[in-house]
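Structural features, examined
Below, each chain spelled out in residue letters.
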There are 2 protein chains.
Amino acid sequence: MQDHDIETDVLIVGGGPAGMMCGITAAQFWPSRHVTLIRPEEEAVVPCGIPYIFGTLGGTDEDLAGRAPFLAAGGQILTGRIASADRNARTALLEDGRRIAWNRLVIATGSTPFVPPIEGRDLQGVFEIHKDYDYLDTLLSETLPGVKRLAILGGGFIGVEFADELRKRGIEVHLIEQRPHLLGASFDLDACVAVEQRLTALGVRIHTGATVEAITAGTDPKRVGGIRLNDGGTLAAEAVLIAIGTRPNTTLAGDMGLTLSRSGGVWVDGFQQSREDPHVFAVGDCAHKQDFFTRHANHALLASQAAAEGRIAGMNLYGLKLPRSNAGSISVYASQIDELAFGVAGLTEASAENIGFEVFTGDIRMPDHHPATMPGTHELHCRLVFDANSERLIGGQVIGGPTTAEILNILAVAIQLRATATDLASFQFGSHPRLTAPVHPIVAATGEALRRRLEKP
Amino acid sequence: MQDHDIETDVLIVGGGPAGMMCGITAAQFWPSRHVTLIRPEEEAVVPCGIPYIFGTLGGTDEDLAGRAPFLAAGGQILTGRIASADRNARTALLEDGRRIAWNRLVIATGSTPFVPPIEGRDLQGVFEIHKDYDYLDTLLSETLPGVKRLAILGGGFIGVEFADELRKRGIEVHLIEQRPHLLGASFDLDACVAVEQRLTALGVRIHTGATVEAITAGTDPKRVGGIRLNDGGTLAAEAVLIAIGTRPNTTLAGDMGLTLSRSGGVWVDGFQQSREDPHVFAVGDCAHKQDFFTRHANHALLASQAAAEGRIAGMNLYGLKLPRSNAGSISVYASQIDELAFGVAGLTEASAENIGFEVFTGDIRMPDHHPATMPGTHELHCRLVFDANSERLIGGQVIGGPTTAEILNILAVAIQLRATATDLASFQFGSHPRLTAPVHPIVAATGEALRRRLEKP
């Protein structure tokens, strides 16, 4: 008698960007292997698209992650939850009692919103953002209708994006952030201010330097009625979104005896292989991330980073087909509020100096089309940060129009290939009146950085 | 008595992108030097913006190149034409009789449209595109009004862009191209076909594989009435635009005894210095271009390449402030017809194989936002070409939406930094639903290329 119900070569636990990308890559690069992905949800949502369900897209069904590429590559999807996994027997037990035999296990269990131990957090109308179709659909169809005023705790990316989307529904949105500025952990001051100004112009009420002491009940003692701030002020609100951060889901990995890093992720090598077992890998939010620059922990949990880790693991599950290990997180991200796009790649000036880099920087503002009379022209602001000793690019911040994220991706590639200011200042970039700035902003900002540097005594 | 009327350290001859960028850079990097730029025109137009004067922008004044950055950097602009220059005396004689003493001369005299010796080319209503304010303004206000049908000879970038802009004026545009496809010299077949289909849908009549035997007069024997094709067919047209190509303007350089390359440009080293005289430089369309890959002549004359050469020369006029020489042209360019953007960086599959590279390629089609239900989503098609021996990226072609040119600029940076397929397949790229594809198209196309390659026996 067989001691398991399902047999597979590769078992991927989790269907987010890391798991799915790992699955697609594994199925493509190891076509003779059977690749199975198990996830609790019938339908998976696109995580970065979640804020847009509530405004731009208008529905949860508009934000579904496709399963077609994985199935087309020959992969198989199971719906279910893993209760435990045995590294010696190389099996996993599902909550429904089925047993799966695997040869390579990829843990891609993601992360869960962190809810601080704040008074009133269990009141009805208080919610977080879970990457779960049913949860989000209920939020959209039951929690939000009728809400006129809503408070968001946390002015990071999720808070800011939700503020812009929820205000599109006519909700009066209050954004509460402990730091002096929104997005303060990610950007230099001018970008934070630009976002604050745009959100304010759109009607979002911003409360920075403010801490929430309690979430309070309204007339119905079971339902939220408002929040109380640390300065004693109160704010009425029929709903509260907690968007403080997320924590890696590592119960399965911990139970299996895998090492977790101090910051909470599964400890992995450059090919996403676990420390204890060459047959077990971890990718995405649940995996420990080293910083590209310092090798310390990098706490940014990004879908794009997760996907990159999924690809690296997928290609190398049965030997090195892609002999380039994970070079560490450089944290490239962008967002857009209204028409204002903004983002960062690598280090900001402040974060670079905090780490101990001696830096030189260049700033440039220019139109993103040329001549600036072209329709659709936005102002572009690009700041580059170079290490003063090696002259290498270590970061950049861009504020602009629809091309902002791809300009950041140029910086991401330049950082990863260790480009120097001299390289970038003399590089060729294409330009076109309807598509780009007259001079490439990266070239212009690099030129400015070099010029300033030469001026110094 | 002084034997000259004007004295300057740096004299730049020509006010196009190469000259202007050289001037700005020189003034910024050598602040103690006096930088003078002389150009024949009072106001300079943005060369890449010229087609848009006739449609999108609606006027020549909307396409003026700013002089402010150069003046702000401390440069000076003279209006006039250089009649001759003396390398021994280091002076230049203007047509108006003034004499300028210089210490560094930068020749940035650009290029002129090539007009083949075709019958009827001197008829009224036959024109080319000169980068000259008055000429273009006359074209707009006198030549084009009343024109109902127009033939464009040459289906390259200029022909294609003018076709799209002129049809916006209600003109019936006929585009005549000798090769089997529009843009056939620059793109692989699928991009050519995509552009042809879009132009046809917009009402442009395309005649490929067709040669014009003569431009013929109409009822007025001095004015154009149509064209006669090589197959004997005729076409009525009240105006004819000749957009076959351009030739470098090297009269001044030739008269000064500088070496010209076989392809006609001023021979320069990697810092744009002339062969004969370390005090004389040449940049832009009038300078010889080496190809990044082969070191043979590269005949693509691009404003962006010209600007890069201007920067390299400007920084290094009095010694090497930027010790990175011109690595050779990789030819990055993009354009947009209607909403369809398209472009190329480096080699196409066909051009790479013509040169003798053994290649492997990867193709991907995906939405440029995610989920694809996001407003403003365009389909993106990315093809990458890798050298099979070194695994290095040597080219890419992109067809897509507004981010197309910046995606090509990522490829341009990756080519110039000699990225390999292994690098690109595992790189981190940022993503955002409103700004990018779900997986970066460069990563996806690289993955596809590697996968196909591994499949091969």
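Within an unreviewed UniProt entry, the label attached to chain A reads Pyridine nucleotide-disulfide oxidoreductase, and the organism entered is Acidihalobacter aeolianus. According to its UniProt record, chain A has this under Cofactor (unreviewed entry): "FAD". Under the UniProt heading Sequence similarities (unreviewed entry), the entry covering chain A gives this text: "Belongs to the class-III pyridine nucleotide-disulfide oxidoreductase family."

1. Brief notes about the sheet that holds strand 16 (residues 234–236) of chain A
Residues and elements named next belong to chain A. With respect to topology, three strands assemble into an open sheet ordered 14-15-16, the strand pairing being antiparallel. Because the sheet does not close on itself, it has two edges, and the strands there are strand 14 (212–217) and strand 16. Taken pair by pair, the neighbouring strands of this sheet meet at an average axis angle of 20 degrees, ignoring direction. Taken together, the five bridges between strand 14 and strand 15 (residues 224–229) define a ladder with antiparallel strand orientation. Its bridge partner lying in strand 15, V212 is registered against L229.

2. Here's the deal with the UniProt feature "domain: FAD/NAD(P)-binding" (unreviewed entry) in chain A
Under the local residue numbering, the UniProt record ascribes the feature "domain: FAD/NAD(P)-binding" (unreviewed entry) to residues 9–298 of chain A. Overall, residues 9–298 of chain A shows 21% helix and 26% strand. The separation of its end C-alpha atoms is 31 Å.

3. Considering the environment of E309 of chain B
Residues and elements named next belong to chain B. With respect to the helices and strands, E309 occurs in helix 8 (residues 303–315). E309 sits in the buried class, given a relative accessible area of 1%. The sequence separation of E309 and H378 amounts to 69 residues, and the corresponding C-alpha distance is 34 Å. Sequence-distant contacts of E309, defined by excluding residues within four places in its chain, comprise Q272, V283, G284, A287, K289 and N326.

4. Comments concerning the sheet that holds strand 24 (residues 393–400) of chain B
Within a sheet, each strand pairs with its neighbour through backbone hydrogen bonds, oriented either parallel or antiparallel. All names here are of chain B. Reading across the sheet, the five strands line up as 20-21-24-23-22 and stay open at both edges, with antiparallel pairing between neighbours. This sheet does not close on itself; its edge strands, each paired only once, are strand 20 (332–337) and strand 22 (359–367). Mean inter-strand twist for the sheet, computed between neighbouring axes without regard to direction, equals 10 degrees. Here strand 22 runs beside strand 23 (residues 379–387); their pairing, made up of nine bridges, is antiparallel. Looking at the pairing, F360 lines up with F386 of strand 23.

5. Here we look at the interface of chain A and chain B
Across the contact, 76 residues belong to chain A and 76 residues belong to chain B. Regarding the contact of chain A and chain B, the summed buried area is about 6500 Å², with carbon and sulfur atoms giving 65% of it. Broken down residue by residue, the surface that chain A buries against chain B is led by E406, Q428 and R434 of chain A, which jointly contribute 13%. On inspection of chain A and its partner chain B, the count reaches four salt bridges. The partner of R434 of chain B in a salt bridge is E339 of chain A, with the nearest N and O atoms 3.9 Å apart. Here chain A is connected to chain B by 30 residue pairs in polar contact (both at pLDDT 80 or more). Only helix 1 (17–29), helix 5 (157–167), helix 8 (303–315), strand 20 (332–337), helix 10 (404–416), helix 11 (421–426) and helix 12 (441–455) of chain A provide two or more residues apiece to the side of chain A that touches chain B. For the side of chain A that touches chain B, the element with the most residues is helix 10 of chain A, which contributes nine residues. Grouping the constituent residues of the side of chain A that touches chain B by class yields 36 nonpolar, 25 polar and 15 charged.

Rules of the game
- Residues numbered from 1 in each chain as written.
- Chains lettered and ligands numbered in written order.
- Predicted model: local features only at pLDDT ≥ 70, side-chain atom pairs only at ≥ 80, totals over all residues.
- Heavy atoms only, no water.
- UniProt positions renumbered as here; feature names shortened; annotations may be inferred.
- Pairing = 2+ DSSP bridges.
- Helix = DSSP H or I, 4+ residues; strand = E, 2+ residues; numbered from the N terminus.
- Axes fitted to C-alpha atoms, helices over the stretch in contact; angles between N-to-C directions.
- Buried < 20%, exposed > 50% of the residue type's maximum accessible area, 1.4 Å probe, protein only.
- Contact = heavy atoms within 4.5 Å.
- Buried area = accessible area lost by both parts, 1.4 Å probe.
- Salt bridge = Lys/Arg side-chain N within 4 Å of Asp/Glu carboxyl O.
- Polar contact = N/O pair within 3.5 Å; in protein donor to acceptor, adjacent residues only side chain to side chain.
- Nonpolar A, V, L, I, M, F, W, Y, C, P; charged D, E, K, R; others polar.

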